[in-house]
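This is what each chain is made of:
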Amino acid sequence: MTDYRLEAVTVDQIPAAGPGAPPSPPSPASPSAATPPNQIRGVKRYLNSFFKDHAFIRMIYKNMFKISPRLYRSSQPTPRHIGQAARLGVRTIINLRGRRDNCGSWVLEDEACARHGLTLVNFAVNSRDAPKKHILHQAREIWRDAQYPVLMHCKAGSDRVGFMSVLYLFVHEGVPLETALGQLSPKYGHLRHAKTGILDHFFETFLAYAKERGIEPDVGAFYTWVDDVYDPPAFKKTFMTRWWASVLADKVLRRE
């Protein structure tokens, strides 16, 4: 298990291997050296996952899609989904919710990954705040070092994983940014007029900057903009939400 403490297809359609995947089998993920005293245990982790973390919804609809031959996006997987993915070749799971010892879904995910020999990478990403510069840089390192195929997820499979899917396709696979932006779509449950729309606004701000200056919006220009121009606090002030969309996302759908 790897922790980064920074801020539709069905699973049985995942191929046994993806282009560029290392030929040797993955090493079993190492469970935590010691169980944290506040970690939820026993039957409580199932009840917590099913009711408080809304796993009952994901048992019906996983919101899982193939976004490239090497990477898949989804909502929070259940232990059963992780077992299926492992048998069909997935080698790494990137959890964009971060490590959560008091969340039954995370505890069950951690246990299932260790049981099936998958590497679990805990990499917390925001869905309602200006993207952080170190997140944008460290994501490149994670994708560079990961064993593929990879399954990447957040809670609902809509916002954080949509943002990171855009970034992955653009940065790691060379897909034009305007094309990759299709990963932030209502098709996956993403609401651009709610607070989560700040994720769309981030990429659109870069594209507008590049167009205004006649710059090719490639990966090099993007990271130069991130490092030298992008100011998260100032950027956040340029984004406006619509009240009805925020109510839908935060109160009705209870998104993270």
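Reference entry: report on the structure contained in this document. (Residues numbered from 1 in each chain as written. Predicted model: local features only at pLDDT ≥ 70, side-chain atom pairs only at ≥ 80, totals over all residues. Heavy atoms only, no water.)

With that settled, consider the nonpolar core. Phe 123, Trp 143, Met 164, Leu 167, Phe 202, Phe 203 and Phe 222 are the most contacted members of the largest nonpolar core, which has 46 residues in total. At the level of secondary structure, the elements contributing two or more residues to this core comprise strand E5 (119-123), helix H5 (133-145), strand E6 (150-153), helix H6 (160-172), helix H7 (177-180), helix H8 (198-213) and helix H9 (219-228). It is H6 that provides the largest number of residues to this core, a total of nine residues. In this view, Phe 222 contacts Leu 167, Phe 170, Phe 202, Phe 203 and Phe 206; residues no more than four positions away in its chain are not counted. In terms of nonpolar packing, the next biggest core, distinct from the first, is built from 15 residues, Ile 93, Cys 103, Leu 120 and Leu 151 among them. (Core = buried A, V, L, I, M, F, W, Y, C linked by side-chain atoms within 4.5 Å. Buried < 20%, exposed > 50% of the residue type's maximum accessible area, 1.4 Å probe, protein only. Helix = DSSP H or I, 4+ residues; strand = E, 2+ residues; numbered from the N terminus. Contact = heavy atoms within 4.5 Å.)

Pairing between strand E2 (residues 65-68) and strand E3 (residues 71-74): three bridges, direction antiparallel. Paired with Ser 68 across the two strands is Leu 71, which belongs to E3. The loop that links E2 with its antiparallel partner E3 comprises two residues. (Pairing = 2+ DSSP bridges.)

Our focus in this paragraph is the pattern of salt bridges. Applying the stated criterion across every chain, the model contains eight salt bridges. Among the ionic pairs, Asp 101 bridges to Arg 99, the shortest N-O distance being 3.0 Å. Each member of the pair Asp 101 and Arg 99 is classed as buried. A salt bridge links Glu 212 to Arg 213, with the nearest nitrogen and oxygen atoms 3.6 Å apart. Residue Glu 212 is classed as exposed on the basis of its relative accessible area, which comes to 64%. By relative accessible area, Arg 213 is classed as partly exposed at 45%. The network of salt bridges with shared partners includes Asp 129, Lys 132 and Lys 236. (Salt bridge = Lys/Arg side-chain N within 4 Å of Asp/Glu carboxyl O.)

Another point: H6. Over its 13 residues, H6 runs 17 Å from end to end, which matches the ideal 18 Å to within 8%, given 1.5 Å per residue. Most of H6 is tucked away: 12 of the 13 residues are buried. Every buried residue belonging to H6 is among Arg 160, Val 161, Gly 162, Phe 163, Met 164, Ser 165, Val 166, Leu 167, Tyr 168, Leu 169, Phe 170 and Val 171, and all of these are buried. Directly beyond the C-terminal end of H6, a positive phi value near 75° is found at Gly 174. (Expected span 1.5 Å × (residues − 1).)

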